[in-house]
Structures are given as C-alpha cells and as structure tokens.
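Listed below are the residues making up each chain.
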Amino acid sequence: MARWPAARDEEFAAMCRHLGVVDGETLVDAPAGGAYLRRYLPADVEYIAVDEAEQFHAACAPRLRPGDRAIHSTYVDMPLADASIDVLGSLT
C-alpha cells in the first residue's frame, strides 16, 4: 500500500468490471467487509452488504446509499428471497 496507494481502488474497480453490474440490478457483496465496494458501483444498483462479523457489519452503515441494505448473517443462510438478486460478488 505504501508503494502503490491506489492498489485498493484498482482492486475494487477490477472486480466491478469483471462482474459487469449495471443500473437496476441487485448485487450482494459477501463478505462485505465494511461496504467499501459500494462506491465503485453504478448509482442505481441495489447493493446488499452481507457480513458474518459484527464489526464489519456495523462498519457498513456510513457507506450505504438510500435503498441499500446491510445484513448481519452467515453466508450459507442469507435471508434473501429466492431469485431476488442478479449478481453475487465476493472479494476476500
């Protein structure tokens, strides 16, 4: 990070390019790790941050936009309706 401060920016931007998320889609980010991915997504993507760790779940709130959600849950039993998401991203 000291040698390349933009490393995390490139990491998140590359993930978004790879996922190909577009306006109107719903994306689940699990583990969300504080919802840092949110700022790299199109504005009209419904973003759902899921994290098992209480401290990371709590860290999501400042980065969420209106309509986004943060869910404290395991990754196995996420409380989401069947067929309710378009994209699942996981940058771990």
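Nothing here was measured: the structure is a model prediction, and the numbers come from that model. (Residues numbered from 1 in each chain as written. Predicted model: local features only at pLDDT ≥ 70, side-chain atom pairs only at ≥ 80, totals over all residues. Heavy atoms only, no water.)

Undergrad: Can you help me understand the pairing of strand S3 (residues 69–72) in this one?
TA: A regular strand carries its side chains on alternate faces of the sheet. Here strand S2 (residues 46–51) runs beside S3; their pairing, made up of 4 bridges, is parallel. Each residue of the ladder has a partner; that of Val50, found in S3, is Ile71. Handedness of the crossover is the feature at issue here: the chain leaves S2, passes through helix H2 (residues 54–59), returns alongside S3, and the resulting connection is right-handed. (Pairing = 2+ DSSP bridges. Helix = DSSP H or I, 4+ residues; strand = E, 2+ residues; numbered from the N terminus. Right-handed = clockwise from strand over helix to strand, strands pointing away.)

Undergrad: How should I be thinking about the nonpolar core in this particular structure?
TA: Nonpolar side chains in soluble globular proteins generally cluster together in the buried interior. Val21, Leu27, Leu37, Leu41, Tyr47 and Ala49 are the most contacted members of the largest nonpolar core, which has 14 residues in total. Of all the secondary-structure elements, those providing two or more residues to this core are helix H1 (7–19) and S2. Sort the elements by how many residues they give to this core and H1 lands first, with 3 residues. Dropping the residues within four chain positions of it, Val21 is found in contact with Cys16, Leu27, Leu41, Pro42, Val45 and Val87. The next biggest cluster of nonpolar side chains, apart from the first, holds 5 residues, and it includes Val28, Ala30, Val50 and Ile71. (Core = buried A, V, L, I, M, F, W, Y, C linked by side-chain atoms within 4.5 Å. Buried < 20%, exposed > 50% of the residue type's maximum accessible area, 1.4 Å probe, protein only. Contact = heavy atoms within 4.5 Å.)

Undergrad: Help me understand the environment of Tyr40 in this model?
TA: Structurally, Tyr40 can be placed in the loop between strand S1 (26–29) and S2. Look at Tyr40 and you get partly exposed, because its relative accessible area is 22%. Sequence separation between Tyr40 and Glu10 is 30 residues; the distance between their C-alpha atoms is 10 Å. Ignoring anything within four residues of it in the chain, the contact list for Tyr40 reads Arg8, Asp9, Phe12, Ala13 and Cys16.

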